[in-house]
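Each chain, letter by letter, is given below.
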Amino acid sequence: MHPSDIALLIGGPLLASVLLFEANREQKIHLERRGLFRFPNALLLSTIACLGTGLLYAKVNPYVIYSYPNAVFFSLFSLGFIVLYAVLAGAAKYRPTPHQTTAVLGELFLVWWIVLAVDVQGILFTRALFYVPFLYLSALIGLAAMLLQAMRPAPPHLPGVIRLPEEIRDAIAEHVNHDHHHQQKKRWNPKEIVRSWNLNLQRVTIAGVTILTQLGFLIVLVAMKNKWIRYQQPRDILLVDATSALFLVLPFATFMHKLHWSVPSFFSIVFISTFFFSLFIFPFTNRAPAFLEFSQRLSLDNGTNIVHLTGPKGYTEYQIVPHLPSFKNSEDLHFCKAAPMGLAGQPASSTCVWHGLPPPEPPSDLLTITQAHLIGPTVTVYVIYEPECTGYGLEFLGTLQPRWEGISRSEEASGRVVEKFRVWVSKDGPTYTAKASCVWNALKASKVPAFVEAESFSPRWARVRGDEQALVIAERVTEIEGPLI
């Protein structure tokens, strides 16, 4: 937590308490329970609605956050706006109170104070939500303006004149001005308009600070979103989007009950259209494609190959791989399953396996394995890699594993690499199966027929990718048994 945040946490409540005490002492404002807890209830309902909608997107159409992030964000923002308006405006209509604006400002100020106080570890700083101190300061300025406006000296009035509450006077003044507008619309004078304009401190300050602060917050959200969205899970992105939308709409709760009905009607139309659009639109586009990981394993013992293509679950196995000719022709090996490790940014991945188009003919000495049986219960295994083959070492297959260790690794002047391993075996013991593998790094993507096929037959909304230097992995298997004598 920054020192400025600590200063705000301490100074803000002190300033608000002093102003509230003075206003109450001068009987300019009366503390009462009526109108309290409307904003917390509205906050709770809007939080449930926004987070629930975000989780619904993550369940039904998670990848839409990559292709249409603005539609998702505006749907969450509009939903939060509608719920806040329904609760606050409905409460103001059926149970009106002259202090709802002050109560909402105070409760909003308390919410931002709690968020800052809880964020001891600085979690908000890693996201665009580091803007919370500015939201807290905006609420503090609005609350101070409201209390200062309430503390201003009362204007002189004639004996017997009844002084109405401020909000009722404002309504009457607006009605009178409206009638005067129709009667004098042809005799408007700009100088008279400026001369008769009565500046209202609380309205100008609250509305101005709120709009400027939220505009700045929106700019920060747009600027920072693409910096961390790339390798995050869609569910996490949607939850952060829902929280950001809430933070963006909450300050408008101050004057939500004074808005014209046309404003929430507009946001209702925006929510309905963006909600169904985000829920049912096809999630991949040419600019935000589905990414597929390609790899091919080649056996140097018998020349067979196996292609692995991993991509988004539900799309790879049904809409991409079935269209590949080699997948259709591979009758003995032809299946798709859940990937043991999902790709970055995907909630679930599927991998499809089949015998693909064979790669170019490899050199005979690309990867070789030799054994040396010495005196005693050990076998020395030499794995030799040519310069165009980057080795992965030795591994034993099956559940039965011997005792073994790597001894040395040397590189010759020609670039050839020799790795030496020692394996403990017994004369009457079992036979162990070992595999050595390496990446055929000299083979480019354009020279791998299976990769070219996957690229050519994939739809426009999919991109096949893989490590340019690790598309084909060569393997060789050997059996290790005890001494012959």
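Presented here is an overview of the structure given in this document.

1. Here we look at the overall build of the protein chain
Item 1. The helix and strand tally for the protein chain stands at 14 helices and twelve strands.
Item 2. Split into buried and exposed, the 485 residues of the protein chain put 43% on the buried side.
Item 3. Summarising the internal contacts of the protein chain: among those between residues at least 6 apart in sequence, 78% fall at separations of at least 24.
Item 4. Carbon and sulfur atoms make up 62% of the accessible area of the protein chain, which amounts to about 26,900 Å² in all.

2. What to know about the state of the cysteines
By definition, a disulfide links two cysteine residues through a covalent bond between their sulfur atoms.
Item 1. Tallying each qualifying case throughout the model produces two disulfides.
Item 2. Between the sulfur atoms of C336 and its disulfide mate C352 the distance is 2.0 Å. Its S-S torsion of approximately 105° makes the covalent link between C336 and C352 right-handed. Placement of the pair is C336 in strand 3 (residues 334–338) and C352 in strand 4 (residues 349–354), with a sequence separation of 16 residues.
Item 3. A relative accessible area of 31% places C336 in the partly exposed class.
Item 4. On the accessibility criterion, C352 (0% relative accessible area) is buried.

3. So, the packing of aromatic side chains
Item 1. Tallied over the full model, the rule gives 23 aromatic pairs.
Item 2. Ring geometry for Y63 versus F284: centroids 5.1 Å apart, planes at 40°, classification tilted. Here F284 lies in the loop between helix 11 (262–280) and strand 1 (290–299) and Y63 lies in the loop between helix 2 (38–60) and helix 3 (64–67), a separation of 221 residues in the sequence. Of the two residues examined, Y63 and F284, each falls in the buried class.
Item 3. Consider the rings of F282 and Y315, whose centres lie 5.9 Å apart with planes at 85°: the pair is edge-to-face.

4. Quick look at helix 14 (residues 449–457)
Item 1. For helix 14, the complete set of buried residues consists of A450, F451, E453 and A454. With its buried residues spanning 160° around the axis, helix 14 presents them on a single face.
Item 2. Taken together, the buried residues of helix 14 touch strand 1, strand 2 (305–312), helix 13 (325–329) and strand 11 (462–465).

5. Thoughts on the packing of helix 2 against helix 11
Geometrically, a packed helix pair is captured by the angle between its two axes and the distance between the axes.
Item 1. Helix 11 packs onto helix 2 with a crossing angle of 30° between their chain directions and a minimal axis gap of 9 Å. Taken as axis vectors, helix 2 and helix 11 run roughly parallel relative to one another. Two secondary-structure elements touch here, helix 2 through T53, L56, Y57 and V60 and helix 11 through T274, F275, S278 and L279.
Item 2. Residues of the contact of helix 2 with helix 11, tallied by class, amount to five nonpolar, three polar and no charged.

6. Regarding the nonpolar core
Item 1. One finds F39 and W112 to be the most contacted residues of the largest nonpolar core, which totals 57 residues.
Item 2. By residue number, the principal contributor to this core is helix 4 (residues 69–94), which donates eleven residues.
Item 3. Ranked by size, the runner-up nonpolar core spans 48 residues in total, among them L300, L367, I369 and Y385.

7. Quick look at the sheet that holds strand 5 (residues 367–373)
Item 1. Spatial ordering of the open sheet is given by 5-6-9-8, a layout of four strands whose pairing is antiparallel. Lying at the two open borders of the sheet, with one neighbouring strand each, are strand 5 and strand 8 (403–411). Within the sheet, the average angular offset between the axes of one strand and its neighbour, ignoring direction, is 20°.
Item 2. Looking at chain direction, strand 5 and strand 6 (residues 378–385) are connected through seven bridges and run antiparallel. Of the residues in strand 6, the one forming a bridge with I369 is V383.

8. Here's the deal with the environment of A71
Item 1. Structurally, A71 can be placed in helix 4.
Item 2. Looking at A71, the relative accessible area reads 16%, which means it is buried.
Item 3. Separated by 199 residues in sequence, A71 and V270 place their C-alpha atoms 9.4 Å apart.
Item 4. Ignoring anything within four residues of it in the chain, the contact list for A71 reads T274, F277 and S278.

9. A look at helix 2
It helps to recall that an α-helix has 3.6 residues per turn; residues three or four apart then point in one direction.
Item 1. Here helix 2 is 23 residues long and its end C-alpha atoms lie 33 Å apart, about the 33 Å a rise of 1.5 Å per residue gives.
Item 2. The set of residues buried in helix 2 consists of R38, F39, A42, L43, S46, C50, T53, G54, Y57 and A58.
Item 3. Elements in contact with the buried residues of helix 2: helix 4, helix 5 (100–118), helix 10 (234–249) and helix 11.

10. Details of the side chain of S299
Item 1. Checked against the element boundaries, S299 lands in strand 1.
Item 2. With residues up to four places along the chain from it excluded, the contact list for S299 reads T304 and E475.

11. Brief notes about the environment of L105
Item 1. Take L105: it is sitting in helix 5.
Item 2. Classification of L105 as buried rests on a relative accessible area of 3%.
Item 3. As a C-alpha pair, L105 and P251 span 146 residues in sequence and 8.4 Å in three-dimensional space.

12. Side note on a nonpolar patch on the surface
Item 1. Taken together, the side chains of I6, I10 and L14 present a nonpolar region at the surface, about 290 Å² in accessible area.
Item 2. Mapped onto the secondary structure, L14 falls in helix 1 (residues 3–25).

13. Here's the deal with the pattern of salt bridges
When the charged atoms of two side chains lie near each other, side chains of opposite charge can form a pair.
Item 1. Scanning the entire structure with this criterion turns up eight salt bridges.
Item 2. Residue E475 pairs with R297 through a salt bridge whose shortest N-O separation is 2.3 Å. With E475 in strand 12 (residues 472–480) and R297 in strand 1, this residue pair connects regions lying 178 residues apart in the sequence.
Item 3. Of the residues examined, E475 reaches a relative accessible area of 13% and is grouped as buried.
Item 4. Here E412 ties to R416 by a salt bridge, and the two come within 3.1 Å at their closest N and O atoms.
Item 5. Of the residues examined, R416 reaches a relative accessible area of 26% and is grouped as partly exposed.
Item 6. Salt bridges sharing common partners tie together R297, E395, K435 and E475.

The rules behind each value
- Residues numbered from 1 in each chain as written.
- Predicted model: local features only at pLDDT ≥ 70, side-chain atom pairs only at ≥ 80, totals over all residues.
- Heavy atoms only, no water.
- Helix = DSSP H or I, 4+ residues; strand = E, 2+ residues; numbered from the N terminus.
- Buried < 20%, exposed > 50% of the residue type's maximum accessible area, 1.4 Å probe, protein only.
- Contact = heavy atoms within 4.5 Å.
- Areas by Shrake-Rupley, 256 points an atom, 1.4 Å probe, with all protein chains shown as cover.
- Disulfide = S-S within 2.5 Å.
- Phe/Tyr/Trp six-rings, centres within 6.5 Å; stacked < 30°, edge-to-face > 60°.
- Arc of directions from axis to C-beta.
- Axes fitted to C-alpha atoms, helices over the stretch in contact; angles between N-to-C directions.
- Parallel < 35°, antiparallel > 145°, perpendicular 65-115°, else oblique.
- Nonpolar A, V, L, I, M, F, W, Y, C, P; charged D, E, K, R; others polar.
- Core = buried A, V, L, I, M, F, W, Y, C linked by side-chain atoms within 4.5 Å.
- Pairing = 2+ DSSP bridges.
- Expected span 1.5 Å × (residues − 1).
- Patch = residues over 30% accessible without salt bridge, like charges linked within 9 Å, V, L, I, M, F, W, Y side chains within 5 Å.
- Salt bridge = Lys/Arg side-chain N within 4 Å of Asp/Glu carboxyl O.

Note that all results are geometric; they support no functional claim without further evidence.
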